[in-house]
Amino acid sequence: MHLQPLLHDQHVILRAPVQAWQAPDGTIGTAPIHGLYLGDTRVLSEVQVEIGGAPGEHVAMLEDAVDRASFVHLLRHLDDTDADPHLRAVHTRAVTADGAWERVRVASALRSNLVTTITVLLRSDLAAMDLVKSGRRGEAASFTLDGGSATWGRGLVQARLVADEARVSVDSDALVLTWEVTVPAGGEVEVGWAVSMSDSLAVVGAAAGSAPWRVPAVAGDDRMRRWVTRALDDLDALRLESTAVPGEQFLAAGSPWFFTLFGRDSIWAARMLLPLGPELAGSTLRVLARLQGTASVPETAEQPGKIMHELRRDTLEIPGEAIALPPLYYGTVDATPLWACLLHDAWRAGMPEGEVAALLPNLEAALAWMRDFGDSDGDGLLEYVDETGHGLSNQGWKDSGDSVQWRDGTLATGPIALCEVQAYAYEAAMHGADLLEHFGRDGTPWRSWAARLRERFHARFWIDDPAGAYPAIALDADKRPVDSVTSNLGHLLGTGLLDASQAELVARRLLSPELDSGFGLRTLSTDAAGYWPLGYHRGSVWTHDTAIAIHGLAAEGFDAGPLVEGLLAAASAFDYRMPELHAGDPAAWASRPVPYPAACRPQAWSAAAAIVCLEVAGGGAV
């Protein structure tokens with residue numbers, strides 16, 4: 001049986017587009033996710049270090065930086081008989097934008113010299129990330145030796161290892177580095193090696209320059225300070241550029257599975273970071289504008305004016321799920337209106353008017369897509385359906401196959417019109433009109449279009465309930481309101497789609513114990529038959545989702561404090577690196593949030609949520 005790798009108890013260091021996953025003792029190769037990756041290719045699948053014929057006893061992992069960690073081991077098998085340890089090894093691993101380097105330092109407090117051997121064993125399977133995600137391995141790579149170096153690769157992905165002063169050999173499918181060393185009495189010795197990597201077909205690469213945002217001063221709650229600090233370090237390491245638009249930064253969606261450009265994720269992360277400056281938003285907007293759809297291509301879901309969903313070097317195939325996504329895939333219903341919302345918000349945050357004006361043609365194309373293609377049946381609402389049979393069946397942010405379901409657990413059938421997408425579209429049209437009019441263009445048609453959408457939303461989405469009316473998560477293929485209560489409601493607040501009384505009803509639902517777990521908002525209410533605290537989109541908690549609700553509650557004048565406190569409690573439990581999602585168990589039952597074991601971390605929009613919470617809670621100069 002092949003199972004998706006678990007991540008929750010493994011450690012990552014990263015500097016996009018490179019990441020290394022290892023065990024807490026520094027070993028690579030004992031868990032399915034382990035490896036040194038360049039983009040979507042695993043370049044090394046195993047790294048084992050032995051000193052004097054044994055790996056030593058792990059006692060500590062030191063997170064030196066987001067891209068570097070050290071692993072401390074005792075060497076009692078080589079030590080004397082005193083109670084205190086006199087031999088210690090520190091193995092440091094660091095990643096760069098195009099490789100990695102490692103050092104092993106052996107320190108001694110012995111009274112005599114120690115003669116021993118340091119051996120490093122490395123393997124490579126050059127597996128694609130989709131293969132790794134399915135729990136499978138690739139075929140062993142062959143190493144070519146050249147003195148103190150070795151090369152290997154497959155296709156256009158190539159790697160070279162240099163190990164000065166080591167004896168380099170090949171044993172079956174393993175590359176073996178060997179050093180005969182003398183550790184002086186009371187002294188130390190250090191050896192090392194480095195790997196450089198390249199991919200001639202890469203569609204993304206390292207971002208040049210420094211992070212394009214201000215670093216806020218955080219006072220008060222130490223948890224907030226630690227979360228913001230950790231989040232900005234992670235976001236710095238997630239910065240990428242596309243090869244199609246060099247010089248324009250964006251944030252990779254998350255490590256390890258989504259180490260590339262995602263329209264929705266990159267937009268939301270940039271939007272959450274706007275209090276720290278509009279520069280990242282501007283470059284993200286330009287990258288996505290460059291890839292904006294220009295033709296109708298059913299196989300890729302491209303349509304004129306549409307903003308893309310994800311970018312890969314190859315077709316993404318998910319074994320066992322009948323999903324095959326082309327390298328440039330447009331299967332998302334929400335990225336296009338969200339792009340327009342980000343342009344408006346970036347303008348309000350100080351994006352230079354010349355840069356905004358240059359994107360007005362893309363804005364008009366995005367708005368036209370909502371009218372001409374997003375509303376495929378002409379009912380004034382945006383809906384989606386996968387026309388290929390091998391794309392994403394759900395194309396909102398909750399894109400798993402079972403994310404849109406009735407309260408009794410039955411799955412809704414498409415085309416699906418999601419409630420939050422109508423809110424995004426309304427906001428995009430109204431704020432798009434503001435932008436157009438500011439630059440001397442006519443925004444009236446978009447205000448009229450938005451008014452019709454709002455009227456249709458109010459007529460079709462609301463469900464009467466003894467606990468208070470609420471909007472359905474979606475309309476199904478028959479335009480019936482799907483009656484499950486979900487966190488999607490939080491995305492409606494602050495968009496202008498709701499009137500004051502409706503916003504109050506939504507706020508009350510969000511803060512109810514059925515949705516608020518105490519560690520953030522559940523994606524699906526506990527009163528739904530399909531609820532499960534470890535359900536990917538049916539009961540788990542997503543940090544960014546809760547942050548969107550926090551922002552909306554504050555924008556409508558409601559107290560978001562309980563949700564901010566819940567995320568801070570979760571952040572503390574996760575050592576301030578918030579994962580993509582965690583379990584939705586109630587805080588009254590669980591003293592700390594239970595991990596969703598396959599969740600990405602770091603995740604761009606989970607990290608960026610820290611800035612939303614900082615801005616809403618106060619306590620910092622942003």
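**Student:** Looking at this structure, how should I read the pattern of salt bridges?
**Tutor:** A side chain of one charge can pair with a side chain of the opposite charge when the charged atoms of the two come close. Inspection of the entire model under this criterion finds 39 salt bridges. In this structure, Glu565 and Arg223 form a salt bridge, with 2.9 Å as the shortest nitrogen-oxygen distance. Here the residue Glu565 occupies a position in helix α12 (residues 561-573), and Arg223 occupies one in helix α2 (residues 222-237), the gap between them amounting to 342 residues. The class for Glu565 is partly exposed, based on a relative accessible area of 38%.

**Student:** For this particular structure, what's the right way to read helix α10 (residues 500-510)?
**Tutor:** Because an α-helix completes one turn every 3.6 residues, residues spaced three or four positions apart along the sequence face the same direction. Of all the residues in α10, the buried ones are Gln502, Ala503, Val506, Ala507, Arg509 and Leu510. Seen from one end, α10 has its buried residues packed into an arc of 160°, which puts them on one side. Those residues of α10 that are buried are in contact with α9 (444-460), β26 (462-463), β27 (470-471) and α11 (543-555).

**Student:** I'm lost on the side chain of Gln422 in this one. Help?
**Tutor:** In this structure, Gln422 sits in helix α8 (residues 419-438). When its relative accessible area of 0% is taken as the criterion, Gln422 is described as buried. What Gln422 contacts, discounting residues up to four positions off in sequence, is Leu381, Leu382, Ala417, Leu453, Phe457, Phe461 and Leu497.

**Student:** Hey, could you run me through the nonpolar core in this one?
**Tutor:** Nonpolar side chains in soluble globular proteins tend to end up buried together. By size, the foremost hydrophobic cluster in this structure holds 157 residues, and its most contacted members are Trp227, Leu273 and Trp339. Listed in part, the 46 residues of the second largest apolar core include Ala69, Val106, Leu122 and Val189.

**Student:** I would appreciate a short explanation of the sheet that holds strand β28 (residues 474-475) in the present structure.
**Tutor:** For sheets, the rule is that strands pair by backbone hydrogen bonds, running either parallel or antiparallel. The antiparallel open sheet is built from three strands, whose spatial order is β25-β28-β29. In this open sheet, the two strands that pair with only one neighbour each are β25 (417-418) and β29 (481-482). The pairing of β28 with β29 spans two bridges and is antiparallel. If you follow Ala474 over to β29, its bridge partner there is Val482.

**Student:** Looking at this structure, I do not really get the packing of aromatic side chains. What am I missing?
**Tutor:** Aromatic rings in a pair are described by how distant their centres are and how their planes are angled relative to each other. Per the stated rule, a full pass over the model turns up 10 aromatic pairs. Summarising the aromatic geometry, the rings of Tyr536 and Tyr596 are spaced 5.7 Å apart at their centres and angled 50° between planes, so their arrangement reads as tilted. Within this pair, whereas Tyr536 is found in the loop between α10 and β30 (541-542), its partner Tyr596 is found in the loop between β31 (581-582) and α13 (604-617), the two being separated by 60 residues in sequence. Among the aromatic residues, those joined into a cluster by ring pairs are Trp397, Tyr536, Trp542, Tyr596 and Trp605.

**Student:** Which parts of the structure should I look at to understand α12?
**Tutor:** Given a rise of 1.5 Å per residue, 13 residues ought to cover 18 Å, and the 19 Å separating the end C-alpha atoms of α12 matches this to within 8%. For α12, the full list of buried residues reads Leu563, Val564, Gly566, Leu567, Leu568, Ala570, Ala571 and Ala573. Where α12 is buried, its residues touch α2, α11, β31 and α13. Of the residues one or two after α12, Asp575 is the one with positive phi, at around 55°.

**Student:** Help me understand the sheet that holds strand β15 (residues 174-183), please; the structure alone is not making it clear to me.
**Tutor:** In space, the four strands of this open sheet follow the order β5-β10-β15-β14, with antiparallel pairing throughout. Each edge of the open sheet is held by one strand with a lone partner, namely β5 (46-51) and β14 (167-171). Strand-to-strand twist in this sheet, taken as the mean axis angle between neighbours without regard to direction, amounts to 20°. When β14 meets β15, the two strands line up antiparallel, connected through five bridges. The partner of Asp171 across the bridge, within β15, is Ala174.

**Student:** Sorry, what's going on with the environment of His544 here?
**Tutor:** On the secondary structure map, His544 appears in helix α11. Of the residues examined, His544 reaches a relative accessible area of 0% and is grouped as buried. Spatially, the C-alpha atom of His544 lies 9.4 Å from that of Gln603, the residues being 59 residues apart in sequence. Leaving out residues up to four positions away in the same chain, His544 has contacts with Met272, Trp397, Trp605, Ser606 and Ala609.

**Student:** I tried to follow the packing of helix α7 (residues 360-374) against α8 on my own but got confused; where do I start?
**Tutor:** Two packed helices can be described by the angle between their axes and the distance between those axes. Remark: α7 packs on α8, axes separated minimally by 11 Å, with the N-to-C direction vectors making an angle of 145°. Our pair here, α7 against α8, has a crossing hand that is left-handed. Contacts from Leu363, Glu364, Leu367 and Met370 in α7 reach Ala425, Ala428, Ala429, Gly432, Leu435 and Leu436 in α8. Its residues placed into classes, the contact of α7 with α8 shows eight nonpolar, one polar and one charged.

**Student:** Honestly, the pairing of strand β16 (residues 188-199) in this entry has me stumped. Any pointers?
**Tutor:** On a regular strand, each side chain points to the face opposite its neighbour's, so the side chains alternate between the two faces of the sheet. Across nine bridges, the pairing between strand β9 (residues 99-108) and β16 is antiparallel. Across the sheet, residue Arg105 finds its bridge partner in β16, namely Glu190. Pairing between strand β13 (residues 157-162) and β16: six bridges, direction antiparallel. Note on β16: the bridge partner recorded for Arg160 is Ser196.

**Student:** I keep staring at unusual backbone geometry and nothing clicks. Help me out?
**Tutor:** Trans peptide bonds make up most of the peptide bonds, and negative phi angles are found at most residues other than glycine. With an omega dihedral of 10°, the bond running from Ala16 to Pro17 counts as a cis peptide bond. Following the sequence through the fold, Pro17 ends up in the loop between β1 (11-15) and β2 (18-22). Omega for the peptide link from Gly414 to Pro415 comes to 5°, which places this bond in the cis form. On the secondary structure map, Pro415 appears in the loop between α7 and β25. Despite not being glycine, Leu126 shows a phi value in the positive range, around 45°. The residue Leu126 is located in the loop between β10 (114-123) and α1 (129-133) in this model. With a phi close to 65°, Lys479 is a non-glycine residue in the positive phi region. Position of Lys479 relative to the elements: it lies in the loop between β28 and β29. Given a relative accessible area of 27%, Lys479 falls into the partly exposed group.

Cut-offs applied
- Residues numbered from 1 in each chain as written.
- Predicted model: local features only at pLDDT ≥ 70, side-chain atom pairs only at ≥ 80, totals over all residues.
- Heavy atoms only, no water.
- Salt bridge = Lys/Arg side-chain N within 4 Å of Asp/Glu carboxyl O.
- Helix = DSSP H or I, 4+ residues; strand = E, 2+ residues; numbered from the N terminus.
- Buried < 20%, exposed > 50% of the residue type's maximum accessible area, 1.4 Å probe, protein only.
- Arc of directions from axis to C-beta.
- Contact = heavy atoms within 4.5 Å.
- Core = buried A, V, L, I, M, F, W, Y, C linked by side-chain atoms within 4.5 Å.
- Pairing = 2+ DSSP bridges.
- Phe/Tyr/Trp six-rings, centres within 6.5 Å; stacked < 30°, edge-to-face > 60°.
- Expected span 1.5 Å × (residues − 1).
- Axes fitted to C-alpha atoms, helices over the stretch in contact; angles between N-to-C directions.
- Left-handed = near helix turned anticlockwise from the far one by under 90°.
- Nonpolar A, V, L, I, M, F, W, Y, C, P; charged D, E, K, R; others polar.

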